Amino acid sequence: MARVDRELFSTEIVNRGIEDSGPYAGSVNISVRVRRALPDFLSSVDLKYVKLGYHYLISSGFYYVAAPVLCGILGVEIGKVIAWKYSSPESCLFDTVAVGVMLGLVLYVYLGLVPRSTYLVDFACFRPPDEFKISKEEFIELARKSGKYSDGAIVFQEGVLKRSGIGDETYLPRAVFRPEPTITLKDGREEASMVIHGVVDELLSATKVQPQDIGILVVNCGFLSPTPSLSAMLINHYKLRQDIHSFNLGGMGCAAGVIAVDLARDLLAAHPGRYALVVSTEAVSYTWYDGNDFDMLLPNCFFRMGAAAVLLSSCHLDRWRSKYELKQLVRTHKGAEERSFRCIHMKEDTRGARGLSVSKDVIGIGGNALKDNITTLGPLVLPVSEQLHFFNNFLFKKETSKPYLPNYKLAFEHVCILATSRKVLDEIQKNLDLTDEYMEASRRTLERFGNTSSSSIWYELAYLEANSRIRKGDRVWQLAFGSGFKCNSVVWKALKSTRQHSHNPWIDPLRVEARI
């Protein structure tokens, strides 16, 4: 096997003992499991993505450095012309420069070159009622009683749940275990309505923003795409304004939450002075698979109920009340590659049951997308010393040595990695050399809420807030993966130290009421 192939696998000793009978009695017995692993990030660095990162850095630098300087020079020249016409420029040099700088500032603002920041005013995550809680043992029991799965499929799901990292307090609609052969559109609508309306109610209550003040609405849900759309459902329920800019994103997988934020940021830049509401969710009941193909049973084991609502603004006056400021957002799409495009896709099995198929190559494909994404993100967030160290090692390294992997712990105080599975989180931690503290939010979210798809990264940020980890000036990196194949990063800077709120899903409302 070639070296490049070996790097796509990892080995794990799963059984070690002494044979107690048979012809090999007394000999050592070892069982080894071979799994797909993330590619070694140190083995190769694609300079194309390094260049792309610096291109983003230079492009954004124009607005912060070059644009005001050019406007200032132009303003000074206009001031000289005015001075020549009405008086002697030598006698009022100071006044000429002052007038010129003021004119340059006016031009800078008038031409729309002032960089507008995107502020995260607040966010909320939905905590389903306790009646939807399900343990791993109950999951298997209900799956067996439903009569939809073979004995082999039951054993497979039991093994996946055991190794998944998911705990016994996640949430799942019981409708998925009904003996009826299919889940209806009504089931999907009811679940979506419950989680979306619930989380938006919490956000509006926390921010005191009136529904009529929302001018931009972006809703993302991967599989459920009814007519009218989920965004239209929100507009109807809350009686939002008629001129609202409404968008409904579907089929974009677990990475859609970052894509929705990206779209809202662009819309806020085009329509300043408005609030943007971003809602991220997944209708678990509508994605449910009731067949026996192992590759299509994996999503059943990991996906759980959840939703997140985020309120964004580009108004400078909202900075004082906002929690975070958006600093960088980098999206990487590998859909041009056939293997990446097909590694996660919806299909029907031989008997016509619909479900989401997950390829065995998904970890390796996701690792390549992650490598390209962080290579692009590096120049935007890493300290100059780390970038110089990287280039020095890259240009003058020996043939036998590997490129230097920058220390991303110097760029962020907190990391929120999509809570997919324990195996994926283990691989990312190893490749990025992250400490257990950096991974805590992701692992705890996976255990407590499972994989809530595009809203997972918000449950992780809520965990950090609930434990008072966020301090003013801290940088938070949210990293999400999705079908296509996509890998997206967004970086927030904390504008204030956070404190616990009653609408945080990690805080028991009964304890809050007792304390009050």
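Residues numbered from 1 in each chain as written. Predicted model: local features only at pLDDT ≥ 70, side-chain atom pairs only at ≥ 80, totals over all residues. Heavy atoms only, no water.

### Observations concerning the pairing of strand E15 (residues 486–494)
Okay, step 1: When you tally the buried positions in E15, you get eight out of nine residues, the bulk of the element.
Okay, step 2: One ladder, built from nine bridges, connects strand E10 (residues 324–333) with E15; its direction is antiparallel. Residue pairing in the sheet places Leu 326 in a bridge with Trp 492 of E15.
Okay, step 3: In terms of strand pairing, strand E14 (residues 475–482) meets E15 through eight bridges, oriented antiparallel. Bridge pairing in E15 places Phe 481 opposite Cys 487.
Okay, step 4: Hairpin connection of E14 to E15: three residues between the antiparallel strands, including Gly 484 at a positive phi of 135°. (Buried < 20%, exposed > 50% of the residue type's maximum accessible area, 1.4 Å probe, protein only. Helix = DSSP H or I, 4+ residues; strand = E, 2+ residues; numbered from the N terminus. Pairing = 2+ DSSP bridges.)

### Observations regarding the side chain of Lys 323
Okay, step 1: Residue placement: Lys 323 occurs in the loop between strand E9 (307–313) and E10.
Okay, step 2: A polar atom in the side chain of Lys 323 sits 2.9 Å from the side chain of Asp 122.
Okay, step 3: Among the polar contacts made by the side chain of Lys 323, one reaches the side chain of Glu 465 at a distance of 2.9 Å.
Okay, step 4: Among residues more than four places away in sequence, those in contact with Lys 323 are Leu 120, Val 121, Asp 122, Glu 465, Lys 493, Ala 494, Leu 495, Lys 496 and His 501. (Polar contact = N/O pair within 3.5 Å; in protein donor to acceptor, adjacent residues only side chain to side chain. Contact = heavy atoms within 4.5 Å.)

### Description of the pattern of salt bridges
Where side chains of opposite charge bring their charged atoms close, a pairing between them can arise.
Okay, step 1: Per the counting criterion, the structure on display carries 27 salt bridges.
Okay, step 2: Ionic pairing is found between Lys 409 and Asp 433, a salt bridge with its closest N-O pair at 3.7 Å. Of the two residues, Lys 409 sits in the loop between helix H13 (384–396) and strand E13 (414–417) while Asp 433 sits in the loop between helix H14 (422–432) and helix H15 (436–449), which places them 24 residues apart along the sequence.
Okay, step 3: Classification of Asp 433 by relative accessible area gives exposed; the value is 53%.
Okay, step 4: The shortest N-O distance in the salt bridge between Glu 440 and Arg 469 comes to 3.0 Å. Linking Glu 440 in helix H15 with Arg 469 in the loop between helix H16 (456–466) and E14, this pair joins segments that are 29 residues apart in sequence.
Okay, step 5: Glu 440 gets classed as partly exposed once you look at its relative accessible area, which sits at 24%.
Okay, step 6: One network of salt bridges, in which partners are shared, links Asp 130, Lys 133, Glu 169 and Arg 448. (Salt bridge = Lys/Arg side-chain N within 4 Å of Asp/Glu carboxyl O.)

### Describing the nonpolar core
Okay, step 1: Val 200, Leu 312 and Trp 458 are the most contacted members of the largest nonpolar core, which has 134 residues in total.
Okay, step 2: Setting aside chain neighbours within four positions, we find Leu 312 in contact with Thr 118, Tyr 119, Leu 120, Val 261, Ala 264, Leu 268, Arg 274, Tyr 275, Ala 276, Val 278 and Trp 492. (Core = buried A, V, L, I, M, F, W, Y, C linked by side-chain atoms within 4.5 Å.)

### Some details on the environment of Ala 143
Okay, step 1: Of note, Ala 143 is situated in helix H4 (residues 136–146).
Okay, step 2: Measuring from C-alpha to C-alpha, the distance between Ala 143 and Pro 179 comes to 9.6 Å, with 36 residues separating the pair along the chain.
Okay, step 3: When near neighbours in sequence (up to four residues on either side) are disregarded, Ala 143 contacts Tyr 149, Ile 154 and Phe 177.

### A look at the sheet that holds strand E8 (residues 275–281)
Okay, step 1: The strand order across the open sheet built from nine strands is E7-E6-E8-E9-E3-E10-E15-E14-E13, with neighbouring strands paired in mixed fashion. A single partner strand is all that each edge strand has here, and the edge strands are strand E7 (245–249) and E13. Sheet twist, expressed as the average angle between the axes of neighbouring strands with direction ignored, equals 20°.
Okay, step 2: The sheet contact formed by strand E3 (residues 119–125) and E9 spans six bridges and is antiparallel. Bridge assignment links Ala 124 to a residue of E9, and that residue is Ala 309. (Axes fitted to C-alpha atoms, helices over the stretch in contact; angles between N-to-C directions.)

### Things to note about the pairing of E14
For a regular strand, side-chain orientation follows a simple rule: the groups alternate between the two sheet faces.
Okay, step 1: A large share of E14 lies buried, amounting to seven of its eight residues.
Okay, step 2: For E13 and E14, the ladder comprises four bridges, and the chain directions are parallel. Bridge pairing in E14 places Ile 417 opposite Leu 479.

### Details of the packing of aromatic side chains
Okay, step 1: In this structure the tally under the stated criterion is twelve aromatic pairs.
Okay, step 2: Judged by centre distance (5.5 Å) and plane angle (75°), the ring pair of Phe 177 and Trp 288 falls under edge-to-face. Placement of the pair is Phe 177 in the loop between strand E5 (170–171) and helix H6 (185–207) and Trp 288 in the loop between helix H9 (284–287) and helix H10 (294–302), with a sequence separation of 111 residues. Neither residue differs from the other here; Phe 177 and Trp 288 are each classed as buried.
Okay, step 3: Look at Tyr 463 and Trp 506: their rings are 4.8 Å apart centre to centre, the planes differ by 70°, and that puts the pair in the edge-to-face class. Within this pair, whereas Tyr 463 is found in helix H16, its partner Trp 506 is found in the loop between E15 and helix H17 (509–515), the two being separated by 43 residues in sequence. Each member of the pair, Tyr 463 as well as Trp 506, is classed as buried.
Okay, step 4: Three or more aromatic residues link up through ring pairs in this structure, and these residues are Tyr 171, Phe 449, Tyr 459, Tyr 463 and Trp 506. (Phe/Tyr/Trp six-rings, centres within 6.5 Å; stacked < 30°, edge-to-face > 60°.)

### What about H6?
Okay, step 1: The terminal C-alpha atoms of H6 lie 33 Å apart, and with 23 residues this matches the ideal 33 Å at 1.5 Å per residue to within 8%.
Okay, step 2: Looking at the residues trailing H6, positive phi occurs at Lys 208, about 60°. (Expected span 1.5 Å × (residues − 1).)

### Focus on the confidence of the model for the protein chain
Okay, step 1: A residue-level look at the protein chain finds 72% of positions with pLDDT of 70 or above and a mean pLDDT of 80.
Okay, step 2: Note that residues 1–14 has pLDDT below 50 and, in this model, 32 contacts with residues that lie over four places away or in other chains.
Okay, step 3: Taken as a whole, residues 510–516 scores under 50 in pLDDT and shows two contacts with residues more than four places along the chain or in a different chain. (pLDDT = per-residue confidence, 0-100.)

### Quick look at the packing of H14 against H15
Okay, step 1: The N-to-C vectors of H14 and H15 enclose an angle of 170°; their axes lie 11 Å apart at closest approach. Classed by the angle they form, the pair H14 and H15 counts as roughly antiparallel. Contacts from Arg 422, Leu 425, Asp 426 and Gln 429 of H14 reach H15 at Asp 436, Met 439, Ser 442, Arg 443 and Leu 446.
Okay, step 2: For the contact of H14 with H15, the per-class residue count stands at three nonpolar, two polar and four charged. (Parallel < 35°, antiparallel > 145°, perpendicular 65-115°, else oblique. Nonpolar A, V, L, I, M, F, W, Y, C, P; charged D, E, K, R; others polar.)

### Details of unusual backbone geometry
Okay, step 1: Here the residue pair Thr 227 and Pro 228 is connected by a cis peptide bond, since its omega of 0° sits within 30 degrees of zero.
Okay, step 2: Among the secondary structure elements, Pro 228 is positioned in the loop between strand E6 (214–221) and helix H7 (230–238).
Okay, step 3: Put simply, Gly 484 and Phe 485 share a cis peptide bond, and its omega is 5°.
Okay, step 4: Relative to the helices and strands, Phe 485 resides in the loop between E14 and E15.
Okay, step 5: For Lys 208, which is not glycine, the phi torsion reads 60° and is therefore positive.
Okay, step 6: Note on placement: Lys 208 falls in the loop between H6 and E6.
Okay, step 7: One non-glycine residue, Asp 433, adopts positive backbone phi at about 55°.

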